[in-house]
Amino acid sequence: MKLDSKIPTGPIAEKWDKHRFEMKLVNPANKRKYHVIVVGSGLAGASAAASMSELGYNVSCFAFQDSPRRAHSIAAQGGINGAKNYRNDGDSIQRLFYDTVKGGDFRAREANVFRLAQVSVDIIDQCVAQGVPFAREYGGLLANRSFGGAQVSRTFYARGQTGQQLLLGAYQALEKEIARGGVKMYNRHEMLELVTINGVARGIVTRNLVTGAVEAHVADAVVLGTGGYGNVFYLSTNAQGCNATAIYRAYKKGAAFANPCYTQIHPTCIPVAGEHQSKLTLMSESLRNDGRVWVPKKREDVGKKPSEIPEEDRDYYLERKYPSYGNLAPRDISSRAAKEACDDGRGVGPGGRGVYLDFADSITRLGAKEIAERYGNLFEMYQRITDENPYEVPMRIYPASHYTMGGLWVDYNLMSTIPGLHVIGEANFSDHGANRLGASALMQGLADGYFVLPYTIGHYLASNKFEKVTTDHPEFRAAVDAVQQRTSRLLGINGKRTADSFHRALGKIMWEHCGMARNEAGLKQALREIPAVREEFWQNLTVPGSGDTLNQQLEKAGRVADFLEFGELMCLDALHREESCGGHFREEYQEAGEAKRNDDAFCYVAAWEYTGDTSAPVLNKEPLEFENVHLATRSYK
Amino acid sequence: MLKFWDSSVGKKVVMGVTGLILVGFVIGHMAGNLQIFMGMERYNAYAKLLQEDIIEITWAVRVVLLVSTVLHVLAAYQLTMRNRAARPVDYALRDAQVSTYASRTLRWGGVFLAIFLVLHLGQFTLGWKWLLPEFSRGAAYGNVVLAFERPFWVVFYLVAMFFLLLHLFHGTWAVLRTLGLAKNAAEPLQRRLPLIIALVVTVGFSLVPLGVALGIVR
Amino acid sequence: MSGTMTIKLKVWRQAGPKAPGKFEEYTATDVSPESSFLEMLDVVNDKLALEGKDPIAFDHDCREGICGMCGMMINGVAHGPSKLTTTCQLHMRSFKDGDSITLEPWRAKAFPVIRDLIVDRSAIDRIIQAGGFISVATGSPQDANALPIAKPDADEAMDAAACIGCGACVAACPNASVSLFTAAKISHLGLLPQGQPERYRRALSMVAQMDLEGFGGCTLFGECMAACPKGISIDFIKRMNGDYIWGAISERPEKITLGSG
């Protein structure tokens, strides 16, 4: 496999403009003749579908939920970055670019990141024009805050619901285009197969989740905006329905999967409370601005009430280890530090997997009213879930899987290694490297959907000739058959365990061995355990009901089946990457407790190529070159 | 115009506007009635004023009131039918959270008030003998006393006033919202002024039958 | 963190849109008070699945109260007994050992049952399609700060925009009216300067669409506001009515001009 990133030549600041000029255009009268399928209706999918329809393309959009407005982008709380420099605090496109490359621990592609920083400015304008109610100052201008340890205030926000408001903006644009007839929306449809003809993506096969009908859809190009794979850990901050099926199916059809081991663990989540827990709830990172993180110094104190532990017996470990950043150390570093404290037997709460986030000092300093003003809704949410009052007792937090930086490999045009298959948003790999900065996910999803893909897909469509195909084509028939066979197979096992129990088992392995910290022995053990779970899955699964009605257990089983294969790929990637970078921390590769990157050997994108169910995937490398930001060790001490 | 009448909001606006007219009327009517406590002469003179001296104005008001009532009832009926059709299968269990007794009984109360209205007009304006055999045109004061010497009518009127209380309590609060005129409120469900209006009107009306029944007016 | 609970469930089961439905009873044992309401149902479903029976179908996704996917009538109350809380954030500690809980789907003509507790809410998407947007194409709009918006207006627009489209307002309304949802979107956009050009046209067409879908009208019971997990105020309904009235008064017929090309 040849990985051609198609990065335009020339100075980095001019690449995108130059490229936009060089790309071919589709004649306006011809645009409606092109049919584009968009799978997923989150920030990336909805914005792409709406924008392409506005341009005149004939778009079909698919979502597994009952409405495009449900996509999990809606849950993002904190904000969206935009290099507007409204604060006059020295921000610029160059600085956002620099921060993102450095934050990603030098494992992202420079040209993509620069383009992201460039269009970040347009995104804010676009969203305001759509009526997104960003927070404002009394003077009527937009408010900003600094986020995730950034040294400038470039984050725009809408209370604690920025993702919701941005998604609703894109959703409304999408509904506008649906009403106009430019987009045909397929709700409650799940993509289960990608169809390629002569190696080119020409359609998908879906299952109608209400009627069970397996349907084929032909298109001239396919776009996947299906999100990340964080649910491979079973417990994560992702929605229950988030899954890797679409991207994994595409991988099995020939799309390279890049950097699957780069996953982000968010430090401020509510800890696990019971064995039936289905979900971990994230609380905005902004809490760390005023909360102090600590655990007892002595193991024998962990069972005590926090108020009974005197000040001198508390270990404010982030402040101790990272005096200059303190409680605001980046996500990966804070998460690992919490794990270390708990591994040391000093974790608090059920199962000893939690650390305190204490607001007592801030309440004394600022008053409870001011704290309520800043975090009132988060405190309420915490109390609703845990039944504890954070004004009186410290919160308990623990890291949880939150975002996945890896995804399908794409070139500068957001096209995967399968011609015609484009991948946008969290589903691709391109912009965040090994670690994503706060408030950058919303930015990337919208950048891809509003401002990059609508151009680059035109170039693809204008540069290629498309033979007319119908769903009677043998490749479509084969794909439909494959889906039907898979469904019958899942329904026909009649074993004794539910899909959920297998998912839980897989999650446990992944979290234990491929979570916040990884090592060779653990990963090798995971690579032995996962196939065993998978084998049992295909022999002992039970899925009640039939395939021709709404069957949520069947949906779940299909997704778990893919996770059971994908988890192995993730461990393989983590095992091969013998360095620590960003969210990927290999215990063997550290220096005085800090991640140790190996730029000589691993400064590349690992793009895995599927070669068959019984053969190992092939590793392809896209070397990363840093011409504008010089390779350096991240330091937050 | 037709489109407006056809829409649920349009019909509600019609109900609101006609409701406001009727509220204005009941306040005036109530104030006029209280003159009964000032003696027969004063009360009969008031009746004469309305029924003879300014009869043209009275008719104009009557037409407005009649049209308002018909529109109010028609819109209410059509909206009720629509609302019922909007939930063909009802819940096995439903637990109302904040809706008032007044709002939930508004429709049946309205039906009762419509029946009351017909009987009330028959009794005191049209002089239907089966309702008030001793009715005598021109003797407004005497008619009232004769009617309310019968406990049945006292009770009937007081029940009607109870429904009017509920109707006004919800209606006067809702109308400003229906017409888009109310101010935003921290507790939009609170209704002090409507309670005062509803109480004043219904207590004022109730004083008349009570006055007769207790022998204050005779 | 007391012991576990036993809960009796009476659940509406309906195999499909056309199939007749009925209540069935289940017992949830060993329910942890720390678990969420949907996790309790997960456990019941796991047991049903292992017995080879059809699990109870219910919509859910984010389980953090923002996607709007979940929702059911819990003992006659939309989203259950906790105020400002979606079904997924309701916790079993709100119930007592031995409690009986009746579960029903949202009921409205415009929300037909798909299966068990799942209903088809596509009607609310169509209300948005009727005008719940600002007609601006992706491109190069003016700078975001070129249009100052007074903070109170931006805040109030945000209050309205917080709607998650779960449909609890419809479910709780004795008239099955969707006024709160529709009004929230009309108000969100109508409060902002960007939304002014289409403000009255939007109110007219969104109201027309909600009638067309077969929702009931608003009698201002206030139940919608009590059920709304985001606490959206019925004051927005007042705003919608005002915009509708002004729209009806000021509506101008659209002229059809012949092409000039």
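Note that the structure is a prediction, hence the values are computed from the model and not measured.

K.L.:
Any chance you could break down the interface of chain C and chain A for me, citing the residues and the numbers?
P.N.:
How big an interface is tends to be expressed through the accessible area that disappears when the partners come together. Between chain C and chain A, the contact holds 73 residues from the first and 75 residues from the second. Carbon and sulfur atoms supply 52% of the area buried between chain C and chain A, which totals about 6100 Å² over both sides. The interface formed by chain C and chain A contains six salt bridges. Salt-bridge contacts for D387 of chain A lead to R93 of chain C; the nearest nitrogen and oxygen are separated by 3.8 Å. Top contributing element to the side of chain C that touches chain A by residue count: helix α3 (residues 151–161) of chain C, with seven residues. Class assignment for the residues of the side of chain C that touches chain A results in 38 nonpolar, 16 polar and 19 charged.

K.L.:
Account for the interface of chain C and chain B, naming residues and giving values.
P.N.:
The interface is formed by 46 residues belonging to chain C together with 44 residues belonging to chain B. Summed over both partners, the interface of chain C with chain B comes to about 3500 Å²; 56% of that surface belongs to carbon and sulfur atoms. Among the residues chain C hides against chain B, the three largest losses belong to L220, F221 and K238 of chain C. Together they make up 18% of the total. Remark: the boundary between chain C and chain B carries three salt bridges. R177 of chain B serves as the salt-bridge partner of D235 of chain C, at 3.7 Å between the closest nitrogen and oxygen. Taken together, chain C and chain B are joined by 27 residue pairs in polar contact (both at pLDDT 80 or more).

K.L.:
Report on the pattern of salt bridges, specifying residues and quantitative values.
P.N.:
All names here are of chain C. Within this structure, the stated rule accounts for 75 salt bridges over all chains. A salt bridge links E213 to R126; the nearest nitrogen and oxygen atoms lie 2.7 Å apart. One end of the pair, E213, is in the loop between α6 (199–212) and α7 (223–227); the other, R126, is in helix α2 (residues 122–129), and 87 residues separate them in sequence. Residue classification places E213 among the buried positions, given a relative accessible area of 14%. A relative accessible area of 32% means that R126 is categorised as partly exposed.

K.L.:
Explain the sheet that holds strand β20 (residues 604–609) of chain A to me, using residue names and the numbers behind them.
P.N.:
All names here are of chain A. Spatially, the four strands line up as an open sheet ordered β16-β10-β20-β21, and their pairing is antiparallel. At either end of the open sheet lies a strand with only one pairing partner, and these are β16 (407–408) and β21 (618–623). Direction of pairing for strand β10 (residues 257–258) relative to β20: antiparallel, over a ladder of two bridges. Opposite F257, over in β20, you have W608 as the bridge partner. Each of β10, β20 and β21 is contacted by helix α16 (residues 552–576), which is oriented at about 145 degrees to β20, the strand it contacts most.

So, how was this worked out
Residues numbered from 1 in each chain as written. Chains lettered and ligands numbered in written order. Predicted model: local features only at pLDDT ≥ 70, side-chain atom pairs only at ≥ 80, totals over all residues. Heavy atoms only, no water. Contact = heavy atoms within 4.5 Å. Buried area = accessible area lost by both parts, 1.4 Å probe. Salt bridge = Lys/Arg side-chain N within 4 Å of Asp/Glu carboxyl O. Helix = DSSP H or I, 4+ residues; strand = E, 2+ residues; numbered from the N terminus. Nonpolar A, V, L, I, M, F, W, Y, C, P; charged D, E, K, R; others polar. Polar contact = N/O pair within 3.5 Å; in protein donor to acceptor, adjacent residues only side chain to side chain. Buried < 20%, exposed > 50% of the residue type's maximum accessible area, 1.4 Å probe, protein only. Pairing = 2+ DSSP bridges. Axes fitted to C-alpha atoms, helices over the stretch in contact; angles between N-to-C directions.

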